[in-house]
Each structure stands twice: as structure tokens, then as C-alpha cells.
Amino acid sequence: MKMTPKWLITLAIIAIAGAAYAAEPITTLRNTALDQESAAPRISNFEDTDQKRPRNYPEQPPTIPHDIEGYQIDKNANKCLSCHARSRTGESGAPMVSITHFMDRDGQFLAAVSPRRYFCTQCHVSQRQVEPLVGNSFVDIDALLPNNSTRIAE
């Protein structure tokens, strides 16, 4: 019995995969084929309400309830701290950054914001008025637990 060379089998698999790829176009969340150019989405507005959004899980970083476009946040300066630093919250009325931002990686408290927590936009994002790209059926744990408000009071 004569054996078929491995390269011939590999070539046949690639040909079949290529035919399947060509038969059905791949689309993205933009609902356009990858080989088609689509118009850029409209830039949405910031909510800019200064209202805090509820968090969906413990330790979720809060969103930024105002426009931060043009804020300098780099190794030389952090515009966020001009309002949110401990020494500035009295005059600005902004909430102070969390105490966790003053901890180093070993859990030791520092006098200033930790370098690993200095770049705010690593975790925090601005609130925008946008429609979700995909559906979401998330249900908060409080909605799942019966009589959750009475359990907390006990």
C-alpha cells in the first residue's frame, strides 16, 4: 500500500479551509465585511453630569463623570490630581482618590500616590452616551438574592 505524502494532505486541508473562508464573509461588530471600508462612527458626547454610576462588582474602578480630553497624564504631570489629590479636595469638591492608590505592591502606605496607581486612565474611563455594541443580560447579585436589604441589616 502506497502512503500519501504529508505535504499533500496538508495542502488539501489548506485548500478546503481556504474555500470555506471564501464562501462566507467574516464580519465584525461594525456589521461590515473586513474587506469593506465603513464610515467612522460618530464621536459620542461625554455624559458630564458629575453623577457617579453604580458599580457592577466589588473593586470595580469608578468611571470618570466628566470630560478629560486634553488632560496631561504622564510621568511629568497628572491633571487629575489637581482636583482629586488629598490636599485639593476641599477647594475642588472632588472626591479624593481611594486610599488604595497610596499603597505600594507590598501593602505599605505611602505619603503620595503610588507610582503604579499614578496613571488614572489605566483603570478609569470617561462616561459616554453610547449604545452597547452587543447585548448584555448582566444581572447584579443584589437582584438575585431575595430580601437582600434585610440580610445586610442583620
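The rules we used
Residues numbered from 1 in each chain as written. Predicted model: local features only at pLDDT ≥ 70, side-chain atom pairs only at ≥ 80, totals over all residues. Heavy atoms only, no water. UniProt positions renumbered as here; feature names shortened; annotations may be inferred. 1 Å grid on protein atoms, 1.4 Å probe; cavity = no way out; pocket = protein on both sides within 12 Å on 5 of 7 lines; lining within 4 Å. Helix = DSSP H or I, 4+ residues; strand = E, 2+ residues; numbered from the N terminus. Buried < 20%, exposed > 50% of the residue type's maximum accessible area, 1.4 Å probe, protein only. Contact = heavy atoms within 4.5 Å. Phe/Tyr/Trp six-rings, centres within 6.5 Å; stacked < 30°, edge-to-face > 60°. Lys NZ or Arg CZ within 6 Å of the ring centre and 35° of its normal.

Before going further, it helps to examine the UniProt feature "binding site: heme c 2" (unreviewed entry) in the protein chain. The sites that carry the UniProt feature "binding site: heme c 2" (unreviewed entry) are, in the present numbering, His101, Cys120, Cys123 and His124. Over a stretch of 24 residues, the named residues converge on one spot in the fold, their C-alpha atoms separated by at most 12.6 Å. Taking the annotated residues in turn, His101, Cys120, Cys123 and His124 line the largest pocket. Examined against the element boundaries, His101 turns out to sit in the loop between helix H3 (89-92) and helix H4 (141-144). Overall, the relative accessible area of 13% leaves His101 in the buried class. Beyond its immediate chain neighbours, meaning those up to four positions away, His101 contacts Val113, Ser114, Arg117 and His124. By secondary structure assignment, the location of Cys120 is in the loop between H3 and H4. Its relative accessible area of 15% is what places Cys120 among the buried residues.

On to the packing of aromatic side chains. If you walk through the whole model with that rule in mind, you get 1 aromatic pair. Aromatic side chains Tyr118 and Phe119 sit 5.2 Å apart centroid to centroid with 90° between the ring planes, which places their arrangement in the edge-to-face category. On the basis of relative accessibility, which here comes to 18%, the residue Tyr118 falls in the buried class. Just above the ring of Tyr71 sits the side chain of Lys79; from NZ or CZ to the centre is 5.8 Å.

Those places that UniProt annotates as "binding site: heme c 1" (unreviewed entry) correspond, in this numbering, to His66, Cys80, Cys83 and His84. The greatest C-alpha distance among the residues just named is 13.0 Å, despite their covering 19 residues of sequence, which places them together in space. Narrowing the list just given to those that line the largest pocket leaves His66, Cys80, Cys83 and His84. Position of Cys80 relative to the elements: it lies in the loop between helix H1 (6-23) and helix H2 (81-84). For Cys80, a relative accessible area of 11% gives the class buried. With residues up to four places along the chain from it excluded, the contact list for Cys80 reads Tyr71, Ile73 and Cys120. Mapped onto the secondary structure, Cys83 falls in helix H2. In this view, Cys83 contacts Arg88, Thr89, Ser92 and Ala94; residues no more than four positions away in its chain are not counted.

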